[in-house]
Amino acid sequence: MYKIPARTLFVGKSLIYVPECHSTNTLLAELSGQQNLAEGTVVITGFQSAGRGQRGTQWQVEPGQNITASFLFRPHFLEPHQQFALTQWVALAIAETVKQFVTEPIWVKWPNDVLIGSRKVCGVLIENTLSGKMIGQSIVGIGLNVNQLRFEFPMATSLRIVTGRLHNLSLVFETLCEHLEQFFFELRAGKILKESYLKHLYGWREKLLFSAGENDFEAVIEDVTAEGKLLVRKGADLCAFGFKEIRFRGL
Ligand code: BTN
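What you are looking at is a predicted structure, and each value in this text was computed from that prediction instead of being measured.

### Here's the deal with the nonpolar core
- Counting residues in hydrophobic clusters, the biggest one holds 65 residues, and the most contacted among them are Ile67, Phe71, Trp89, Val98, Ile142 and Phe210.
- Of the residues forming this core, the biggest block, eleven residues, is contributed by helix α2 (residues 83–99).
- Those residues in contact with Trp89, other than ones at most four positions away along the chain, are Phe73, Val140, Leu180, Phe183, Phe184, Leu187 and Leu193.
- Judged by nonpolar contacts, the second largest core, of nine residues, contains Leu27, Leu37, Leu72 and Ile139.

### Observations concerning helix α1 (residues 24–34)
- Those residues of α1 that sit buried are Thr24, Asn25, Leu27, Leu28, Leu31 and Ser32. Angular distribution of buried residues about the axis of α1 spans 165 degrees; they occupy a single face of the element. Facing away from the buried side of α1, by more than 90 degrees, are the exposed residues Gly33 and Gln34.
- Sitting at the head of α1, Ser23 places a side-chain oxygen 3.3 Å from the backbone nitrogen of Asn25.

### Section: the pattern of salt bridges
- In this structure the tally under the stated criterion is ten salt bridges.
- In this structure, Asp223 engages Lys194 in a salt bridge whose closest nitrogen and oxygen atoms are separated by 3.0 Å. Residue Asp223 is located in strand β9 (residues 215–224), and its partner Lys194 is located in helix α5 (residues 194–200); the two are separated by 29 residues in the primary sequence.
- Linked through salt bridges whose partners overlap, the residues forming this network are Lys109, Asp113 and Lys120.

### Some remarks on the sheet that holds strand β8 (residues 207–212)
- Sheet architecture is open: five strands sit in the order β11-β10-β9-β8-β12, paired in antiparallel fashion. For this open sheet the edge positions go to β11 (237–241) and β12 (247–248), each flanked by a neighbour on one side alone.
- Relative to β9, β8 runs antiparallel, the two sharing six bridges. Residue pairing in the sheet places Leu209 in a bridge with Glu218 of β9.

### Concerning the site of the ligand
- Lining the immediate surroundings of the ligand are 21 residues, of which Ser23, Gln48, Arg52, Gln54 and Lys120 lie closest.
- A distance of 2.7 Å separates a nitrogen atom of the ligand from a polar atom in the backbone of Arg52.
- For the ligand, an oxygen atom lies 2.7 Å from a polar atom in the backbone of Gln54.
- Burial of the ligand by the protein amounts to 97% of the accessible area it has alone, namely 420 Å².
- Counting only elements with at least two residues in the shell around the ligand, the list comes to α1, β3 (67–73), β6 (119–131) and β7 (134–144).
- Looking at the shell around the ligand element by element, the count peaks at four residues for β6.
- Partitioned by chemical class, the residues of the shell around the ligand number five nonpolar, 13 polar and three charged.

### Here's the deal with α2
- The end-to-end C-alpha distance of α2, which contains 17 residues, comes to 25 Å, matching closely the 24 Å that a straight helix rising 1.5 Å per residue would cover.
- Of all 17 residues that make up α2, 14 are buried, and the element is covered over most of its length.

### A short note on the side chain of Thr97
- Mapped onto the elements, Thr97 comes out in helix α2.
- Within the local environment of Thr97, its side chain forms a polar contact with the side chain of His179, the two groups lying 3.5 Å apart.
- Non-local contacts of Thr97, meaning those with residues more than four positions away in its chain, are made with Val172, Thr175, Leu176 and His179.

Rules used in this analysis
- Residues numbered from 1 in each chain as written.
- Predicted model: local features only at pLDDT ≥ 70, side-chain atom pairs only at ≥ 80, totals over all residues.
- Heavy atoms only, no water.
- Core = buried A, V, L, I, M, F, W, Y, C linked by side-chain atoms within 4.5 Å.
- Buried < 20%, exposed > 50% of the residue type's maximum accessible area, 1.4 Å probe, protein only.
- Helix = DSSP H or I, 4+ residues; strand = E, 2+ residues; numbered from the N terminus.
- Contact = heavy atoms within 4.5 Å.
- Arc of directions from axis to C-beta.
- Polar contact = N/O pair within 3.5 Å; in protein donor to acceptor, adjacent residues only side chain to side chain.
- Salt bridge = Lys/Arg side-chain N within 4 Å of Asp/Glu carboxyl O.
- Pairing = 2+ DSSP bridges.
- Near = heavy atom within 4 Å.
- Areas by Shrake-Rupley, 256 points an atom, 1.4 Å probe, with all protein chains shown as cover.
- Nonpolar A, V, L, I, M, F, W, Y, C, P; charged D, E, K, R; others polar.
- Expected span 1.5 Å × (residues − 1).

Structure follows, in structure tokens:
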């Protein structure tokens, strides 16, 4: 049911569809350990029995309704301390993809959830492995909610919920491949994606409610560091938080 994208040079040209699997990220990592897969290879499925999310969570969605896929890249031009560039690239590519299908504002919730308004439409799990001093392989796992109407997570949404119509999964997938490739070329050419990332950043320069450890507090998102930390202003203090150190309240 998924077609090889016509307008890409390498992303999605090798397409492995499995009706069901445990996790496309895990399957792609296994396959890439067994054979020399072409860069841009995609594993895509209709259903994951053990889909993985960030912070060790599970990613559970209804069968056949959404894009559930993992993409293989070899960003040899990046060092491990530049991993956040990958996060920005993927988030922006997904944001541009979603923009093709909805008219509502699209945001990136730091570090790389994609939101329509304030509801999550897409989650990303990037798993990198090193080759010497550089990033050798990057498995980019994307769960994009397309046609599902009901979610357990109250802040989730889908293209269908927002637009009121069914979407062609193959077309959404093709659009995603095109944007991933386009932004990957920009990244490889050394383009700094931070300015665009900040423009899409949910809550940038706004006061939001956060929690860190036992503390709830209001703070204003000021910036992100090159390593991907979130810089927030709490009163007179500028504080940097890593991914596991801070949460957005109510999102
Ligand atoms: C998150 O928001 O917590 C990240 C979710 C990532 C889900 C995708 S679905 C395809 C790929 N395979 C997985 O097991 N996880 C990612």
